[in-house]
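# Close look at the chain arrangement
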Amino acid sequence: MSQSIEVLNLRTQRDFQYVMKMENQMKGLRTKFRQVEDDRKTIMAKNFQELKEKMDELQPLIPVLEQYKTDAQLISSFKEEIRNLSMVLTAIQEEMGAYDYDELYQRVLRLDSRLRNCMGKLTCGKLMKITGPVTIKTSGTRFGAWMTDPQASQRNNRVWYMDSYTNSKIVREYKTMEDFVANVVSRTYNLPFKWEGTGHVVYNGSLYYNKYQSNIIVKYSFETGRVLAQRALEYAGFHNTYPYSWGGYSDIDVMADELGMWVVYATNQNAGNIVIAQMDPDTLEVQKTWNTEYSKRNAGESFMICGTLYITNSHLTGAKVYYSYSTKTSSYEYTDIPFHNQYFHMSMLDYNARERALYAWNNGHQVLFNVTLFHVIKTEDDS
């Protein structure tokens, strides 16, 4: 597999040069904008700020494009689009003095649309590598959960924080990651029920969590402060019947990825092995389940990416992603993807599809891991 990936890397080296060139041209464009900003007689500060914010929205697309790897033959159309975008950027830089603000702003909007269409050709990928972590903050007990909403807009960067794995109902909200680091709490929620474990997720403005001493999933709206739905997971073990290897009432783990919402648990009927269930985010109804052959008690943590469950073999130092199960093919494979458990004990590991990152609670440290996915390109012939 390593040799094959190396061959693909070599075959796509020229394509990555186009991406790098595009990034450099964007940086040049931003420099031009800064020069224009200094000339306040030419452009009003308010209008220019709107234009700069639009360019800031484009910038996060660059690292995603850099992660892209696939066969050169499959991305000929993608490469042509990148070449066209580079020409547009060059033209904007050369002709900047010839356009007024409104016309330039419209050109940036068109560029934004073309970039996003380009990104739309990328489909889900397979996990190849985990790098990091980056320590965001040190706070709380050894166990807990923190998260952002993968369904939120790019301007909404609220962070939610739930310390401990049991006997608590307090959720703290921070407006931005910077406020989270500075411990500037914007709002505190007192949930109607205590939670169990650390397998919570925020999805489209609501918190989904396991109700204390039960196999019930609760959907709680942050906007209304009310419970929108509750539903028991049939046969699911709870309260340390089938936890992860670290314990902590981690029997039920709610997750979200590019394909929607999931919940991972174990049952007596499946001999204590992991069960994957796809769940309706509105009604909490289980739509389909998959029975794996991996013991829940032997798993350190797990997370979903593009409909595939990735399971770590330990919550301690030396852990790696050891096993994966694809719900698309209903098949499993053993993997060997190491990651750095910097603070020795992992009690939460969750994928965020918007950020393409893993959020982790690492022994009282809130950390982020970057993931590298192997992507394929959608073609016109794909169904």
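As a starting point, this report considers the structure included with it. (Residues numbered from 1 in each chain as written. Predicted model: local features only at pLDDT ≥ 70, side-chain atom pairs only at ≥ 80, totals over all residues. Heavy atoms only, no water.)

With antiparallel pairing, the four strands of this open sheet are ordered in space as β2-β3-β4-β5. With one partner strand each, in any of the chains shown, β2 (144-147) and β5 (187-190) form the two edges of the open sheet. Across the sheet, the mean angle separating the axes of adjacent strands is 20° when strand polarity is ignored. (Pairing = 2+ DSSP bridges. Helix = DSSP H or I, 4+ residues; strand = E, 2+ residues; numbered from the N terminus. Axes fitted to C-alpha atoms, helices over the stretch in contact; angles between N-to-C directions.)

So, about the nonpolar core. Formed by 24 residues in total, the largest nonpolar core has its most connected members in Trp146, Val171, Leu191, Leu207 and Phe222. When residues of this core are traced back to their parent elements, those giving at least two are β2, β3 (159-163), β4 (170-174), β7 (206-210), β8 (216-221) and β19 (357-362). By residue number, the principal contributor to this core is β3, which donates four residues. With residues near it in sequence (within four places) discarded, leucine 191 still touches Met162, Lys169, Val171, Leu207, Tyr209 and Tyr220. Of all hydrophobic cores here, the second largest spans 21 residues; its members include Ile305, Ala319, Val321 and Ala353. (Core = buried A, V, L, I, M, F, W, Y, C linked by side-chain atoms within 4.5 Å. Buried < 20%, exposed > 50% of the residue type's maximum accessible area, 1.4 Å probe, protein only. Contact = heavy atoms within 4.5 Å.)

Bringing the sheet that holds β8 into the picture now. Spatially, β6-β7-β8-β9 is the arrangement adopted by the four strands of the open sheet, whose pairing is antiparallel. Either end of the sheet is taken by a strand with one partner, and the two such strands are β6 (201-203) and β9 (226-232). Direction aside, neighbouring strands of the sheet carry axes that sit 20° apart on average. Pairing of β7 with β8, which is carried by five bridges, proceeds in the antiparallel orientation. For leucine 207, the partnering residue across the bridge sits in β8 and is tyrosine 220.

To continue, consider a nonpolar patch on the surface. Together, Tyr322, Tyr332 and Tyr334 make up an exposed nonpolar region whose accessible area comes to about 330 Å². Structurally, the position occupied by tyrosine 322 is in strand β16 (residues 320-326). (Patch = residues over 30% accessible without salt bridge, like charges linked within 9 Å, V, L, I, M, F, W, Y side chains within 5 Å. Areas by Shrake-Rupley, 256 points an atom, 1.4 Å probe, with all protein chains shown as cover. Salt bridge = Lys/Arg side-chain N within 4 Å of Asp/Glu carboxyl O.)

With that settled, the discussion passes to the pairing of β9. In the case of a regular strand, side chains alternate between the two sheet surfaces. Pairing geometry for β8 and β9, over six bridges, is antiparallel. Considered in β9, the bridge of lysine 219 is made with alanine 229. Taking the residues that link successive antiparallel strands as the turn, the β8-β9 hairpin has four residues, and the phi of glycine 225 there is positive, at about 70°.

Using the criterion set out here, one finds 22 aromatic pairs in the structure. Summarising the aromatic geometry, the rings of tyrosine 174 and phenylalanine 180 are spaced 5.1 Å apart at their centres and angled 75° between planes, so their arrangement reads as edge-to-face. Here the two residues tyrosine 174 and phenylalanine 180 agree in accessibility, since each one is buried. Pairing tyrosine 189 with tyrosine 220 gives two aromatic rings, centres 6.4 Å apart and planes at 80°, and the pair type is edge-to-face. Of this pair, tyrosine 189 sits in strand β5 while tyrosine 220 is found in strand β8, placing the two residues 31 residues apart along the sequence. Residue classification places tyrosine 189 among the buried residues on the basis of a relative accessible area of 4%. Residue classification places tyrosine 220 among the buried residues on the basis of a relative accessible area of 4%. Three or more aromatic residues joined by ring pairs make a cluster, and in this case those are Trp146, Tyr161, Tyr174, Phe180, Tyr359 and Trp361. Lying across the ring of tyrosine 212, lysine 194 places its NZ or CZ 6.0 Å from the centre. Sitting over the face of the ring of phenylalanine 193, lysine 211 holds its NZ or CZ atom 3.9 Å from the ring centroid. (Phe/Tyr/Trp six-rings, centres within 6.5 Å; stacked < 30°, edge-to-face > 60°. Lys NZ or Arg CZ within 6 Å of the ring centre and 35° of its normal.)

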